[in-house]
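Observations on chain architecture
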Amino acid sequence: MTIELRPWGEDDLAVLQRANTPEMTAHLGGPETDEQVRERHARYLRLNDSGEACMMRIDVDGKPAGSIGYWQVDHEGEPAFETGWEVEPAWQGRGVAREALRQLTRRVAADGRRALLVAYPGVDNPGSNALCRGAGFEHRGSGTLPWRGGELTFNAWALDVSPLDLAGRVAEVDERFDGPSLDESRWWPFYTPHWSSRDAAAARWSIGPGGLELRIDEDTAPWAPELDGDLRVSHLQTGQFSGPLGSGVGQHRFRTGLIVSEEQPEHRGWLVHRGVIEVRLAAIRHPDVMVAFWPIGFEDLPDDCGELCIAEIFGGELDDHGGWVGVGVKPQNDPRLREDFEKVRIDGDLTAMHDYAVEWTPERVRFFVDGMWVKTVVQSIDYPVQLMLEVYEFPRADGTRDTAALPHVLRVERVRSFSLG
């Protein structure tokens with residue numbers, strides 16, 4: 001199912017007419033007159049022409065399925081855009097409104113004229129309120145206003161889509177990989193070796209004028225074949241915590257029943273608790289490869305294991321015009337968190353250097369690509385995280401490898417962290 005937003009056009013009156021039913025307007029005070037619907041259509045065209053609004057038709061597989069848009073308002077004294085939407089009954093419950101709103105929020109962020117997006121669904125409209133919550137809007141209270149000859153009691157939802165602002169801020173750590181060797185007071189060059197061994201999980205890395213390179217070579221062996229099959233990885237992390245030999249205590253419990261097979265020293269290198277974390281890296285365009293940067297809880301307490309996925313990029317999801325970047329929060333084994341993760345489409349050559357960042361506060365986490373907002377998660381992690389940086393080569397079903405494409409090399413120019421401003 002392909003969902004696209006199209007600029008509102010002269011021929012889109014029928015979309016409004018199909019939406020003007022008792023069912024579709026049940027939370028809006030009922031249908032409008034035919035004259036009011038025609039006036040609404042003319043207003044959409046006029047506001048689009050003036051730039052005061054951006055009204056769009058929602059298409060599903062090329063067929064009109066509803067409408068969505070944003071227009072200029074004042075929200076509690078602050079300039080904002082307001083949004084609203086409608087999806088025809090045949091397409092409801094299939095994720096159309098969710099995807100349309102997701103695309104619209106990115107358009108508002110790219111518009112750049114106003115950093116706040118608001119929505120005011122009726123309190124008795126559970127679907128629209130849930131949609132706002134799921135899209136990262138924050139509840140700002142409720143109110144009542146006159147509406148179509150009666151009153152509408154509404155919830156106020158707001159989403160901050162402002163770009164990442166690091167102007168005047170000095171990084172607490174600004175890792176450029178410009179020393180003679182890897183700074184092992186910060187970095188632990190092994191991939192969760194307690195579940196395997198340091199020898200099997202050791203990173204292959206080099207440092208040069210362009211920064212860090214993490215590499216998978218033809219002779220790179222699977223890191224833990226009895227646990228993870230033929231997955232190969234080259235990885236750095238900035239902490240290490242695990243229990244004694246034979247225990248089940250250790251970071252990144254990616255499956256049940258894991259047992260520490262080699263004891264490891266505790267390593268508290270570069271741990272971060274809130275603020276901004278940013279990496280500048282280049283993805284790899286190959287169907288067997290993924291690169292990722294995903295801080296996780298240090299996990300000295302078993303529930304403190306949530307993940308801030310700043311970038312997860314599969315090489316098979318890149319093309320000539322851009323690609324998909326996974327961002328969001330993953331609970332892993334933290335019962336206090338809910339998964340809120342998605343893949344966002346980013347235009348441009350992702351095999352060139354790009355900046356991927358998170359802004360982490362006690363209330364929320366906001367994700368950015370090249371400084372532009374892409375997602376908000378209205379929950380937070382309240383414990384230190386360690387940085388996890390790697391390139392994976394996934395096994396093929398037939399057991400072969402594309403040796404002609406080797407080595408797979410992840411290039412990283414820098415990693416930075418900033419305290420809360």
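The coordinates are above.
Here is a short report on the structure shown in this document.

Reading the values: rules and limits
In this numbering scheme, every chain counts its residues from 1 along its sequence in written order. The model is predicted, so local features are restricted to residues of pLDDT at least 70 and side-chain atom pairs to those at 80 or more, both for listing and for counting; the totals for chains, interfaces and linings are taken over all residues. Side-chain descriptors were evaluated using all non-hydrogen atoms of the structure, hydrogens and water having been removed beforehand. DSSP bridges decide pairing: two strands pair if at least two such bridges lie between them. Secondary structure elements follow DSSP: runs of H or I no shorter than four residues count as helices, runs of E no shorter than two count as strands, and numbering proceeds from the N terminus. Think of each axis as a best-fit line through the C-alpha atoms, taken over the contacting stretch in the case of a helix, with angles from 0 to 180 degrees between the N-to-C directions. Think of it in three bands: residues with accessible area under 20% of the maximum for their type are buried, residues over 50% are exposed, and the middle band is partly exposed, with areas taken using a 1.4 Å probe on protein chains only. Identification of polar contacts relies on pairs of N or O atoms within 3.5 Å, with a donor-acceptor requirement for protein atoms, meaning one able to donate a hydrogen and the other able to accept it, and with residues adjacent in sequence counted only if both atoms are side-chain atoms. It only takes one pair of heavy atoms within 4.5 Å for two residues to be counted as in contact. Along the arc lie the directions from the helix axis toward the C-beta atoms. Only protein atoms enter the 1 Å grid used here, on which a cavity is any set of points holding a 1.4 Å probe that cannot leave and a pocket is any open set flanked by protein within 12 Å on both sides along at least five of seven lines; residues with an atom within 4 Å of a point are listed as lining. Grid points are joined across faces, edges and corners, and a volume is the space filled by probe spheres set on the points. Ten residue types, Ala, Val, Leu, Ile, Met, Phe, Trp, Tyr, Cys and Pro, are classed as nonpolar, four, Asp, Glu, Lys and Arg, as charged, and the remainder, Gly among them, as polar. The term salt bridge refers to a pairing of a side-chain nitrogen on Lys or Arg with a carboxyl oxygen on Asp or Glu at a separation within 4 Å.

Re the sheet that holds strand 5 (residues 116-119)
By definition, the strands of a sheet pair up through backbone hydrogen bonds, in either a parallel or an antiparallel sense. Spatially, seven strands are ordered 1-2-3-4-5-7-6 in an open sheet, and the strand pairing comes out mixed. This sheet does not close on itself; its edge strands, each paired only once, are strand 1 (3-7) and strand 6 (138-147). Strand-to-strand twist across the sheet, computed as the mean angle between neighbouring axes with direction ignored, equals 30 degrees. Direction of pairing for strand 1 relative to strand 2 (residues 53-60): antiparallel, over a ladder of five bridges. Bridged to P7 within strand 2 is M56.

Concerning the side chain of D12
You can see D12 is positioned in the loop between strand 1 and helix 1 (13-19). The buried category is assigned to D12, whose relative accessible area is 4%. Of the polar contacts made by the side chain of D12, one reaches the backbone nitrogen of G9; its length is 2.7 Å. The residues touching D12, leaving out its near neighbours within four places in the chain, are P7, H41 and R57.

Digging into the pairing of strand 9 (residues 205-208)
Along any regular strand, the residues point their side chains to alternate faces of the sheet. The pairing of strand 9 with strand 10 (residues 211-216) spans four bridges and is classified as antiparallel. Following the sheet pairing, S206 is matched in strand 10 by E213.

Focus: helix 4 (residues 126-134)
Along helix 4, the residues classified as buried are S128, N129, L131 and C132. The buried residues of helix 4 occupy one face: seen down the axis, they fall within an arc of 155 degrees. A positive backbone phi angle near 95 degrees is found at G136, which sits one or two residues after helix 4.

A word on empty space enclosed by the protein
Rolled over the atoms, a probe with the dimensions of a water molecule shows which regions are left empty. In total, this model carries one cavity of 30 Å³ or more according to the counting rule given. For the lining of the largest cavity, a count of residues per class yields one nonpolar, three polar and two charged.

Observations concerning the pattern of salt bridges
One pass over the full model with this rule turns up 41 salt bridges. The shortest N-O distance in the salt bridge between R364 and E138 comes to 2.6 Å. Of the two residues, R364 sits in the loop between strand 21 (354-360) and strand 22 (365-369) while E138 sits in strand 6, which places them 226 residues apart along the sequence. The salt bridge involving D219 is made with R204; its shortest N-O contact spans 2.5 Å. Note that D219 is positioned in the loop between strand 10 and helix 6 (225-228) and R204 in the loop between helix 5 (198-201) and strand 9, a separation of 15 residues in sequence. One continuous salt-bridge network, built from bridges that share partners, spans E99, R102, R106, R338, D340, E342 and K375.

Some details on the layout of surface pockets
Size it by volume and the largest pocket reaches roughly 1400 Å³. Going through the elements one at a time, helix 1, helix 2 (34-50), strand 3 (63-75), strand 4 (78-87), helix 3 (96-111), helix 4, strand 6 and strand 7 (150-160) are the ones with two or more residues in the lining of the largest pocket. For the lining of the largest pocket, the element with the most residues is strand 4, which contributes six residues. For the lining of the largest pocket, the class distribution of residues is 24 nonpolar, 13 polar and nine charged. Its boundaries defined by the atoms lining it, the second largest pocket holds a volume of some 470 Å³. Mapped by element, the contributors of at least two residues to the lining of the second largest pocket are helix 3, strand 20 (340-347) and strand 23 (372-377). Looking at which element gives the most residues to the lining of the second largest pocket, the answer is helix 3, with seven residues. Residues that form the lining of the second largest pocket fall into these classes: nine nonpolar, one polar and eight charged.

A word on unusual backbone geometry
Note that the residue after L406, namely P407, is joined by a cis bond; omega there is 0 degrees. Along the polypeptide, P407 turns up in the loop between strand 25 (388-393) and strand 26 (408-418). The backbone phi angle of D61 is positive, close to 50 degrees, even though this residue is not glycine. Within the chain, H252 stands out as a residue other than glycine whose phi angle is a positive 55 degrees. Residue placement: H252 occurs in the loop between strand 12 (239-240) and strand 13 (267-268). Overall, H252 belongs to the buried group, its relative accessible area being 13%.

As for the pairing of strand 3
Where strand 2 meets strand 3, eight bridges bridge the pair, whose relative direction is antiparallel. Considered in strand 3, the bridge of I58 is made with G66. Hairpin connection of strand 2 to strand 3: two residues between the antiparallel strands, including D61 at a positive phi of 50 degrees. Of the pairings in the sheet, the one linking strand 3 to strand 4 comprises ten bridges and is antiparallel in character. Opposite W71, over in strand 4, you have E82 as the bridge partner. Where strand 3 hands over to strand 4, the hairpin turn is made up of two residues, of which E76 adopts a positive phi near 50 degrees.

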